[in-house]
Amino acid sequence: MKAIEYQKFGNADALQMVELPKPVIKSGDVLINVKAFSINPMDWKIRKGEMKLMSGSNFPKYTGADFGGVIEETGSAVTGFKKGDEVFGVVKNMMKEGASAEYISVAASHIWKKPSDIGFAQAASLPVIGTAALTAIEKMGRIDSGTNILVNGATGGFGMILLQFLKQKGARVTAVTNSNGIAFAKTWGANTVIDYRKEEVLSREETYDIVIDLSGKMGYANAKQIMKAQSKFLNPTPRPIDIPLSLIRNLFTGKKHVIVLASPSKKYADALLDSVKHGLDVEIHKVFPFHKFKEAYRYAEQGGYTGKIVIEQQ
Ligand SMILES: NC(=O)c1ccc[n+]([C@@H]2O[C@H](COP(=O)([O-])OP(=O)(O)OC[C@H]3O[C@@H](n4cnc5c(N)ncnc54)[C@H](OP(=O)(O)O)[C@@H]3O)[C@@H](O)[C@H]2O)c1
């Protein structure tokens, strides 16, 4: 079978297509014929060696955490799934495994039946960003129509889902996005939209109960300028030092630095499936065929689009 792997840290040129034997599954696993996998920023952060502490430095490495596909074979201990089922899911260890192959072996605990009203590309896009958005909502605590929230980097994958959940909660949301994302941010429920290339959000007079930075560029120290006295900065892109530092700092300030680390589970998958049933929008900006994997990653990394980039196989 064909697979995409890399043998050294680097840019998209480090990725290569190789021939590998089909994986042999263990009793609790399923063999999946991958139809689509989505691109997440984590893919290139790992590939560029920015997450070595968690990913390790062993090669080959694969890429692509979440996927949609068809079950080819089930392990002897697997119940609830059978050959031919259309499923979506996420690899168990996102730091060390990838879905970038014609066939992958995954734990049955990490797949869910794909709803028939969404395609493989949308299903493959949901686990990482959907789990992240639900985790962020939990970390925000009580949200109502009086809660003033700033979402910085609001129309990438994570922001797209988060905006829609915040709208359901009735929060007052300011979305900071690129010019291509303005109309989408409004559709997904933002009350105010700022183009980050035209306005410096840190210069605004307004202050927020919650600031969440999905661009990875704002940082707690900057965000404090636009936070209310009792407020939260949600950080899904922490440096390792931020984890202990935030715990200590939070004892002495009303402006809390809250780390968001999402981990997919059945609870989140069920919530996402329910949201899909109720019309959750999963915008796919562009789909690349499997053999154009380098182009897909280059395109995704350069930014400037809204929603998700997906790689599909025939
Ligand atoms: N901790 C966790 O569990 C977890 C889970 C999922 C994701 N994440 C992280 O969360 C972040 C967001 O994920 P994602 O999938 O939404 O990524 P994404 O699709 O790349 O979205 C990031 C968005 O930030 C925007 N942006 C870039 N520079 C900006 C600036 N100066 N001001 C405002 N916005 C700016 C980008 O716009 P342009 O396209 O114009 O650059 C893009 O729309 C990533 O860093 C990802 O690794 C963490």
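Residues numbered from 1 in each chain as written. Predicted model: local features only at pLDDT ≥ 70, side-chain atom pairs only at ≥ 80, totals over all residues. Heavy atoms only, no water.

**Focus: the pairing of strand β15 (residues 308-312)**
- Here β15 lies mainly inside the structure; four of its five residues are buried.
- Sheet analysis places strand β3 (residues 29-38) next to β15, joined by three bridges and oriented antiparallel. Bridging from a neighbouring strand, Ser38 pairs with Val310 of β15.
- Here five bridges tie strand β14 (residues 284-289) to β15, and the two strands are oriented parallel to one another. Note that in β15 the partner of Phe288 across the bridge is Ile311.
- Remark: the β14/helix α9 (residues 293-302)/β15 crossover connection has right-handed handedness. (Buried < 20%, exposed > 50% of the residue type's maximum accessible area, 1.4 Å probe, protein only. Helix = DSSP H or I, 4+ residues; strand = E, 2+ residues; numbered from the N terminus. Pairing = 2+ DSSP bridges. Right-handed = clockwise from strand over helix to strand, strands pointing away.)

**Things to note about the UniProt feature "domain: Enoyl reductase (ER)" (unreviewed entry) in the chain**
- Under the feature "domain: Enoyl reductase (ER)" (unreviewed entry), the UniProt entry names residues 10-311.
- What you have in residues 10-311 is 28% helix and 27% strand, and the ends, taken at the C-alpha atoms, are 20 Å apart. (UniProt positions renumbered as here; feature names shortened; annotations may be inferred.)

**A look at a nonpolar patch on the surface**
- On the surface, Leu247, Ile248, Leu251 and Phe252 cluster together into a nonpolar patch covering about 520 Å² of accessible area.
- Within the fold, Ile248 resides in helix α7 (residues 242-249).
- Look at Ile248 and you get exposed, because its relative accessible area is 51%. (Patch = residues over 30% accessible without salt bridge, like charges linked within 9 Å, V, L, I, M, F, W, Y side chains within 5 Å. Areas by Shrake-Rupley, 256 points an atom, 1.4 Å probe, with all protein chains shown as cover. Salt bridge = Lys/Arg side-chain N within 4 Å of Asp/Glu carboxyl O.)

**Notes on the side chain of Thr147**
- Looking at the element boundaries, Thr147 is found in the loop between α3 (120-140) and β8 (148-152).
- For Thr147, a relative accessible area of 8% corresponds to the buried category.
- Within polar-contact distance, the side chain of Thr147 engages the backbone nitrogen of Asp144 at 2.8 Å.
- In contact with Thr147, other than residues within four places in its own chain, are Arg142, Ala171, Arg172, Asp209 and Ile210. (Polar contact = N/O pair within 3.5 Å; in protein donor to acceptor, adjacent residues only side chain to side chain. Contact = heavy atoms within 4.5 Å.)

**Here we look at the environment of Phe81**
- With respect to the helices and strands, Phe81 occurs in the loop between β4 (66-74) and β5 (86-90).
- Among the residues examined, Phe81 registers a relative accessible area of 17% and is labelled buried.

**Looking at the layout of surface pockets**
- Approximately 240 Å³ is the volume attributed to the second largest pocket.
- In this structure, the second largest pocket is lined by 16 residues; those nearest its centre are Pro23, Tyr62, Gly98, Ile104 and Ser105.
- No other element matches the four residues that strand β6 (residues 103-107) contributes to the lining of the second largest pocket.
- When grouped by side-chain class, the residues that make up the lining of the second largest pocket number eleven nonpolar, three polar and two charged. (1 Å grid on protein atoms, 1.4 Å probe; cavity = no way out; pocket = protein on both sides within 12 Å on 5 of 7 lines; lining within 4 Å. Points joined across faces, edges and corners; volume = space filled by probe spheres on them. Nonpolar A, V, L, I, M, F, W, Y, C, P; charged D, E, K, R; others polar.)

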